Amino acid sequence: MATPNHTKRRFYIRRKFCRFCADPKLEISYKNIDILRQFITDRGKIMPRRISGNCARHQRQITIAIKRARHLALLPYTTTGLENRQKREVI
Amino acid sequence: MGLQEYETVIVVDPDLSEEQKEEVFAKMENIIKQYSGILKEIEKWGLRNLAFKANHKQKGYYALLRYYGKSDIVEKLERNIRMNDKIIRFLTIKVSPKVSTGSSGEPLAEVG
């Protein structure tokens, strides 16, 4: 029996889109940490545009907002520091 | 003439008592008034965990000051904040009605 996988594309390629262009009400701000958190990796790095799918304009705004939030200790600069290693040991 | 809206987030030492915290806010309010600024509000976010240790503290008491003033008010306020060792971190943003990066800006004309 022929499997349909041979004829069809194996992976469905999902088109990325800028969430902030799609929803103008979504505000980019250093105060909105829950949204910014979605654009940093688990190591605390800012996600590149090719991963997040943001447009250039909103990526710039996100970068500034994340850096502001980091300064206020709302977001981490990195998670590989000593204090986190200790935390991991506790967990 | 020429009043601009600013917002300053301050992270206050979490080990202070309620009165001491109020004292810090009252001081900020005085400075803003002293340099002919108008304090719109103090938005207290309360005690939050810091993402990393700052000044050997794991937590911080966050508060947001919204105010109007001339450009020199930021300089004066920040100099005072720097001298105040009860404040761990601070950040001042100029709120522009056009740019949405800082905060939802309201037209300045309403307050005048």
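Coordinates for the structure precede this section.
Rules behind the numbers
Residues numbered from 1 in each chain as written. Chains lettered and ligands numbered in written order. Predicted model: local features only at pLDDT ≥ 70, side-chain atom pairs only at ≥ 80, totals over all residues. Helix = DSSP H or I, 4+ residues; strand = E, 2+ residues; numbered from the N terminus. Buried ≥ 20, exposed ≤ 12 C-beta atoms within 10 Å, placed from the backbone. Contact = placed C-beta atoms within 7 Å. Expected span 1.5 Å × (residues − 1). Pairing = 2+ DSSP bridges. Axes fitted to C-alpha atoms, helices over the stretch in contact; angles between N-to-C directions.

## So, the overall build of chain A
For step 1, the next point in the chain: Along chain A, the regular secondary structure elements total five helices and zero strands.
For step 2, the next point in the chain: The helix and strand sequence of chain A, counted from the amino end, reads α-α-α-α-α.
For step 3, the next point in the chain: For chain A, the proportion of its 91 residues judged to be buried stands at 21%.
For step 4, the next point in the chain: Pairs at least 24 residues apart make up 68% of the contacts formed inside chain A by residues separated by at least 6 positions.

## Concerning the environment of A:Pro76
For step 1, the next point in the chain: Here A:Pro76 lies in the loop between α4 (56-71) and α5 (82-90).
For step 2, the next point in the chain: On the neighbour-count criterion, A:Pro76 (18 C-beta atoms within 10 Å) is partly exposed.
For step 3, the next point in the chain: When the C-alpha positions of A:Pro76 and A:Ile35 are compared, they lie 14 Å apart, and in sequence the two are 41 residues distant.
For step 4, the next point in the chain: Those residues in contact with A:Pro76 that lie beyond four places of it in its chain are A:Gly44, B:Ala51 and B:Phe52.

## Focus: helix α1 (residues 18-34) of chain B
For step 1, the next point in the chain: With 17 residues, α1(B) should reach 24 Å at 1.5 Å per residue; the first-to-last C-alpha distance of 24 Å fits that figure.
For step 2, the next point in the chain: Positioned one or two residues after α1(B), B:Ser36 has a phi angle of 50 degrees, which is positive.

## Considering the sheet that holds strand β4 (residues 87-95) of chain B
All names here are of chain B.
For step 1, the next point in the chain: If you trace the four strands from one edge of the open sheet to the other, you get β2-β3-β1-β4, paired in antiparallel fashion. With one partner strand each, in any of the chains shown, β2 (38-54) and β4 form the two edges of the open sheet. Adjacent strand axes in the sheet meet at a mean angle of 20 degrees, parallel and antiparallel pairs treated alike.
For step 2, the next point in the chain: Bridge analysis of strand β1 (residues 4-12) against strand β3 (residues 57-69) gives nine bridges, and the strand direction is antiparallel. In the sheet register, Glu 5 faces β3, and the bridge partner there is Tyr 68.
For step 3, the next point in the chain: Set on the sheet, helix α2 (residues 72-83) makes contact with β1, β3 and β4; between it and β4 the angle comes to about 170 degrees.

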